[in-house]
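Residue strings, one per chain:
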Amino acid sequence: MSAQYRVDLDAFARNLHRVRDAVAPAEPMFVVKDDAYAHGLEVLVRRARSEGVRWFGAFDVVTGAAVRAIAGPDARIFVWLIGGADDLAAGIAADLDLGVGDQSLLDDLAALTADGSARVHLKIDTGLHRNGIRPEDWDAALARTATLVEQGRVRFEGIWSHISEASDADDDDARALFLAARDAARAVGLEPRFSHLAASAAGFARGEFREDLVRVGAFSYGIRPAGGPGEAELGIEPIASLTATVASVDSQGVHVDVGSAHGLPSALAGRFDVATSAGPRRVEAIGFTSLTVAPWETAEVGEPLTIFGRGALCSATDLAELIDTIGEEIALRVSPVLPRVYTTGRA
Ligand SMILES: *Cc1c(COP(=O)(O)O)cnc(C)c1O
């Protein structure tokens, strides 16, 4: 049996319920960018929907339209990477909630829509400078938006931002800018139905950041923050594991077939252990299609091993911390050509 990326859907469902409880009374938005953090968009969106998830964060319009097809007409699907008029038109056609972080999109909207069907969430740049309307341009953007609303072209649905979650002080500064931007909107008669600025970390740790929606990616997948609280403290569990089998045993060690697309950074060689039938053994080398593991007497071809993730000795974030990155990076490196296997139940 060759390598697999196994996703426990019941564990995923437990995380979703934990997220819902943790951010209440705000509502979670399940973030599914990058093929649901490489877990597989379709299966995860379907399960999330059946667990009662209503809001999805899809990043771009193509993904948003795909989520619409999977999740059905009642889901709310937020996208925030919008390239221009064509993207806007496609987003409106798929009934998406449009995150607008660029004033030129307001001009495009003016040219496009006449029937008030475009639901806009204006993004204030609160310091990350990824996209978002700069504070000095905010009043002009509000005036433009108010005109579009009066003309019946757009519905003003929300105000949002994205924060670094790197330090409480930076996040507090970002939140102050956010609240000022919302006050300014209210002053010109634009009342957001949905305010949102937190992702996983601030949504769990900092009640005042929850507002109406919390956009949660990592914690839904059981990926804890590097250098932050552990899974048990957060009440989440890893849902995915990379599994592989022993392919051969020789004088150099035990060679494990991990397929051509395991994605493990070679910098991890010599730095972590996998559980074997004889106890933990160090992963000594990482090649393109195989790992070499320190030998054990009873190693046999075909012995299954869990390399990282659920049920393994190291989670994605444990590995990430060894090489100064974040758990999402380890997860996203698992190539889409590695078969995904979805399981339910505790087995
Ligand atoms: C990826 C992303 C999120 C989710 O962040 P997590 O830390 O994975 O929960 C939320 N909002 C935006 C804008 C994002 O790009």
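- As annotated in an unreviewed UniProt entry, the chain is Alanine racemase from Microbacterium testaceum.
- Of the comments in the UniProt record for the chain, the one headed Cofactor (unreviewed entry) reads "pyridoxal 5'-phosphate".

A look at the pattern of salt bridges
Argument step 1. Counting across every chain of the model gives 26 salt bridges.
Argument step 2. Across the pair R144 and D107 runs a salt bridge, and its minimum N-O distance is 2.9 Å. Here D107 lies in helix 6 (residues 103-112) and R144 lies in helix 7 (residues 135-150), a separation of 37 residues in the sequence.
Argument step 3. The class of D107 is partly exposed, set by a relative accessible area of 40%.

Re the pairing of strand 4 (residues 76-81)
Argument step 1. In terms of residue burial, strand 4 counts as a mostly covered element, since five of its six residues are buried.
Argument step 2. Examined bridge by bridge, strand 4 and strand 5 (residues 97-100) share two bridges and lie parallel to one another. Looking across to strand 5, one finds that V79 is bridged to L98.
Argument step 3. Handedness of the crossover joining strand 4 and strand 5 through helix 5 (residues 85-93) is recorded here as right-handed.

Considerations on the nonpolar core
Argument step 1. Grouped together as the largest cluster of nonpolar side chains are 110 residues, with contacts concentrated most on F56 and I307.
Argument step 2. Shared between two domains, this core holds at least three residues of each, these being domain 1 (9-221) and domain 2 (240-343).
Argument step 3. In contact with F56, other than residues within four places in its own chain, are M29, F30, V32, V45, A48, R49, V67, A71, A75, R76, I77 and F78.

Quick notes on the UniProt feature "modified residue: N6-(pyridoxal phosphate)lysine" (unreviewed entry) in the chain
Argument step 1. UniProt records the feature "modified residue: N6-(pyridoxal phosphate)lysine" (unreviewed entry) at K33, using the numbering of this structure.
Argument step 2. Relative to the helices and strands, K33 is located in helix 2 (residues 33-38).
Argument step 3. Since its relative accessible area comes to 24%, K33 is described here as partly exposed.
Argument step 4. Excluding residues that lie within four positions of it along the chain, K33 makes contacts with G57, F59 and W80.

Some remarks on the domain arrangement of the chain
Argument step 1. Domain boundaries in the chain define domain 1 (9-221) and domain 2 (240-343).
Argument step 2. The C-alpha centroid of domain 2 is placed 36 Å from the C-alpha centroid of domain 1.
Argument step 3. Interface of domain 1 and domain 2: buried area, both sides summed, is about 840 Å²; carbon and sulfur atoms make up 60% of it.
Argument step 4. Scanning the region where domain 1 abuts domain 2 turns up zero salt bridges.
Argument step 5. Inspection of the region where domain 1 meets domain 2 yields three residue pairs in polar contact (both at pLDDT 80 or more).
Argument step 6. Those elements that provide at least two residues to the side of domain 1 that touches domain 2 are helix 1 (9-23), helix 2 and helix 3 (41-50).
Argument step 7. Sorting elements by how many residues they give to the side of domain 1 that touches domain 2 places helix 1 first, with four residues.
Argument step 8. Its residues placed into classes, the side of domain 1 that touches domain 2 shows seven nonpolar, two polar and three charged.

A word on the packing of helix 6 against helix 7
Argument step 1. Where helix 6 meets helix 7, the axes come as close as 10 Å, and the angle between the chain directions of the two elements is 15°. By the angle between their axes, helix 6 is roughly parallel relative to helix 7. As helix 6 packs across helix 7, the resulting crossing turns out to be left-handed. Contacts from Q103, L106, D107, L109 and A110 in helix 6 reach D137, A140, A141, R144, T145 and L148 in helix 7.
Argument step 2. In terms of residue class, the contact of helix 6 with helix 7 is built from six nonpolar, two polar and three charged.

Section: unusual backbone geometry
Argument step 1. Backbone torsion omega between A24 and P25 reads 10°, so that peptide bond is classified as cis.
Argument step 2. Structurally, the position occupied by P25 is in the loop between helix 1 and strand 2 (27-31).
Argument step 3. The phi dihedral of D35 falls on the positive side, at around 55°, and the residue is not glycine.
Argument step 4. Tracing the chain through its elements places D35 in helix 2.
Argument step 5. One non-glycine residue, E165, lies in the positive phi region at around 55°.
Argument step 6. Position of E165 relative to the elements: it lies in the loop between strand 7 (154-160) and helix 8 (168-187).
Argument step 7. Judged by its relative accessible area of 26%, E165 is partly exposed.

Rules of the game
- Residues numbered from 1 in each chain as written.
- Predicted model: local features only at pLDDT ≥ 70, side-chain atom pairs only at ≥ 80, totals over all residues.
- Heavy atoms only, no water.
- UniProt positions renumbered as here; feature names shortened; annotations may be inferred.
- Salt bridge = Lys/Arg side-chain N within 4 Å of Asp/Glu carboxyl O.
- Helix = DSSP H or I, 4+ residues; strand = E, 2+ residues; numbered from the N terminus.
- Buried < 20%, exposed > 50% of the residue type's maximum accessible area, 1.4 Å probe, protein only.
- Pairing = 2+ DSSP bridges.
- Right-handed = clockwise from strand over helix to strand, strands pointing away.
- Core = buried A, V, L, I, M, F, W, Y, C linked by side-chain atoms within 4.5 Å.
- Domains from an automatic or database assignment.
- Contact = heavy atoms within 4.5 Å.
- Buried area = accessible area lost by both parts, 1.4 Å probe.
- Polar contact = N/O pair within 3.5 Å; in protein donor to acceptor, adjacent residues only side chain to side chain.
- Nonpolar A, V, L, I, M, F, W, Y, C, P; charged D, E, K, R; others polar.
- Axes fitted to C-alpha atoms, helices over the stretch in contact; angles between N-to-C directions.
- Parallel < 35°, antiparallel > 145°, perpendicular 65-115°, else oblique.
- Left-handed = near helix turned anticlockwise from the far one by under 90°.

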